[in-house]
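Per-entry structural report
One letter stands for each residue in the lines below.
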Amino acid sequence: MDTEFSALTTPPPTRSRALATEAVHAGRDDLASLGLHAAPIDLSTTYPSYDSRGEAERIDAFAATGAKPEGPPVYARLDNPTTARFETALARLEGAESAVAFASGMAALTAVLLARASKGLRHVVAVRPLYGCSDHLLGAGLLGTEVTWTDPAGIADAMRPDTGLVMVETPANPTLAEVDIRAVAHSCGSVPLLVDNTFATPVLQRPLEHGARIVLHSATKYLGGHGDVMGGVVACDEEFAATLRQVRFATGGVLHPLAGYLLLRGLSTLSVRVRAASASAAELTRRLSADPRVARVHYPELGGAMVSFEVYGDPHRVIAGVGLITPAVSLGSVDTLIQHPASISHRIVDEGDRQAAGVGDRLLRMSVGLEDVEDLWADLCQALSDGSAGAVPSAHGQEAAGRETQPAGR
């Protein structure tokens, strides 16, 4: 059996299945044989073993290879059957050999950076914008890494002998800027390309199919989908997954099994949630693009449920004016959220770097949920009125705005 599968799971079927079907069934293939319909939750922190010599051999094997131990679990920091089900499912959805889950998206990124640094490859080439905390982790050098920021066209020139990783986020947080993954992967040469796929999810984009070698998710967002679980996950080949497991064991950034259960459950509705929310986001983009109170709208060609827009008025008054929409950080929940990136998610980024990456002071980011689009528009329309008092442009300004409020392309 391949090492990425738990002893409780079975290999994927040989016939290719649609993503929506995999989202429902991956990681659960063995349930019928166990006499179960819902996946079980294993909350054990430790497991009995009466063969201490055999246990020692299994632990030594893990320390040497990072492969999942054969047989029953050993200790929750090393492996957990419930978490393994989520990892198996996510790997299948991303088309990866393996996936390794962590306590948060930032814990997942930390593990990737530590894994590359352990090989003496401490230099990272990255394209802004990224999620603000990802930007900070790279730029602050907290893990002993060094970053070179560049645009996609400059990646090849930014490479050094100690470059261990190239990182992009597409669509990017919060501007929704897109990069051509295949072109960027070509520029990387032998250096692995990591794509943060949190906004797109495998429903809209599978980066490994376009040349990326590592896919990162803040599972807290769309994979969980209900704003009640925190986690992160990396999809990659089994060789790199083995190293990530060793880092996870050493640093303790493990995903709690209850979180693993909720994430597995969230995957079952991922496709329908993303497509329904994306349809509403596209309609709100259309209306915002025609609204004279809005200076510019950003919406990716890829589609999706995220919309960013710049207002002529006071963005803080817009935030304060929503009623149905929740003013809060995070994204990807069943309910619609809105936030001001310059104040919240990207405040940790140096102001000059933030502005240069297109994260201006009047930019708002909205994660569209599953509410009726008319109700969302009524709430947003009122909030825009609250924020635009005395700030609506002249007729000439409106004409200019109309040329700028098209959805952002590549």
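Structure first, text after, so check above.
Everything numeric in this text was worked out from a predicted model, so none of it was measured.

On to the pairing of strand β4 (residues 163–169). Of all 7 residues in β4, 7 are buried, a share of seventy percent or more. One ladder, built from 4 bridges, connects strand β2 (residues 123–127) with β4; its direction is parallel. Bridge assignment links Val 125 to a residue of β4, and that residue is Val 166. Strand direction decides the pairing type here: β4 and strand β5 (residues 193–196), joined by 4 bridges, are parallel. When the sheet's bridge partners are listed, Val 166 is paired in β5 with Leu 193. Where the polypeptide runs from β4 across helix α7 (residues 181–188) and back to β5, its parallel neighbour, the crossover connection is right-handed.

So, on to helix α3 (residues 81–94). If you check α3, its first and last C-alpha atoms are 20 Å apart, about what 14 residues at 1.5 Å a residue would give, namely 20 Å. Within α3, 14 of the 14 residues are buried, leaving the element largely enclosed by the surrounding structure. The N-cap residue of α3 is Asn 80: its side-chain oxygen and the backbone nitrogen of Thr 82 are 2.8 Å apart. At the exit of α3 stands Gly 95, carrying a positive phi of roughly 70°.

Within the open sheet, the 7 strands sit side by side as β1-β7-β6-β5-β4-β2-β3. Their pairing is mixed. Here the strands that pair on one side only, and so sit at the sheet edges, are β1 (98–102) and β3 (146–150). Each strand of the sheet is rotated relative to its neighbour by a mean of 20°, with strand direction disregarded. Across the sheet, helix α5 (residues 132–140) is in contact with β2, β3 and β4; its angle to β3 comes to roughly 125°.

Next up on the list: the sheet that holds strand β8 (residues 294–298). A sheet is described by the order of its strands in space; here 5 strands give the open sequence β8-β9-β12-β11-β10, paired in mixed fashion. Looking along the sheet, the strands with just one partner apiece sit at the ends: β8 and β10 (326–327). In terms of strand pairing, strand β9 (residues 306–311) meets strand β12 (residues 363–367) through 5 bridges, oriented antiparallel. Across the sheet, the residue bridging to Ser 308 is Arg 365, located in β12. Lying over the sheet, helix α14 (residues 373–387) contacts β8, β9, β11 (337–339) and β12, oriented at roughly 25° with respect to β9.

Along the chain, Val 74 falls in the loop between α2 (52–65) and α3. According to the relative accessible area criterion, Val 74 is buried, its value standing at 9%. Here the alpha-carbon distance between Val 74 and Ser 49, two residues 25 residues apart in the chain, equals 8.1 Å.

Before going further, it helps to examine the side chain of Thr 198. Inspection of the secondary structure puts Thr 198 in the loop between β5 and α8 (201–204). Taking the relative accessible area as the measure of exposure, Thr 198 reaches 6% and is therefore buried. In terms of polar contacts, Thr 198 uses its side chain to reach the backbone amide nitrogen of Ser 218, at 2.9 Å. Once you skip the residues sitting within four places of it in the chain, Thr 198 turns out to touch Leu 216, His 217, Ser 218, Lys 221 and Tyr 222.

On to the environment of Ala 235. Mapped onto the elements of the fold, Ala 235 is located in strand β7 (residues 232–236). Taking relative accessible area as the criterion, Ala 235 reaches 0% and is therefore assigned buried. Setting aside chain neighbours within four positions, we find Ala 235 in contact with Leu 90, Glu 94, Ala 96, Ser 98, Ala 99, Arg 213, Ile 214 and Val 215.

What counts, and at which threshold
Residues numbered from 1 in each chain as written. Predicted model: local features only at pLDDT ≥ 70, side-chain atom pairs only at ≥ 80, totals over all residues. Heavy atoms only, no water. Buried < 20%, exposed > 50% of the residue type's maximum accessible area, 1.4 Å probe, protein only. Helix = DSSP H or I, 4+ residues; strand = E, 2+ residues; numbered from the N terminus. Pairing = 2+ DSSP bridges. Right-handed = clockwise from strand over helix to strand, strands pointing away. Expected span 1.5 Å × (residues − 1). Polar contact = N/O pair within 3.5 Å; in protein donor to acceptor, adjacent residues only side chain to side chain. Axes fitted to C-alpha atoms, helices over the stretch in contact; angles between N-to-C directions. Contact = heavy atoms within 4.5 Å.

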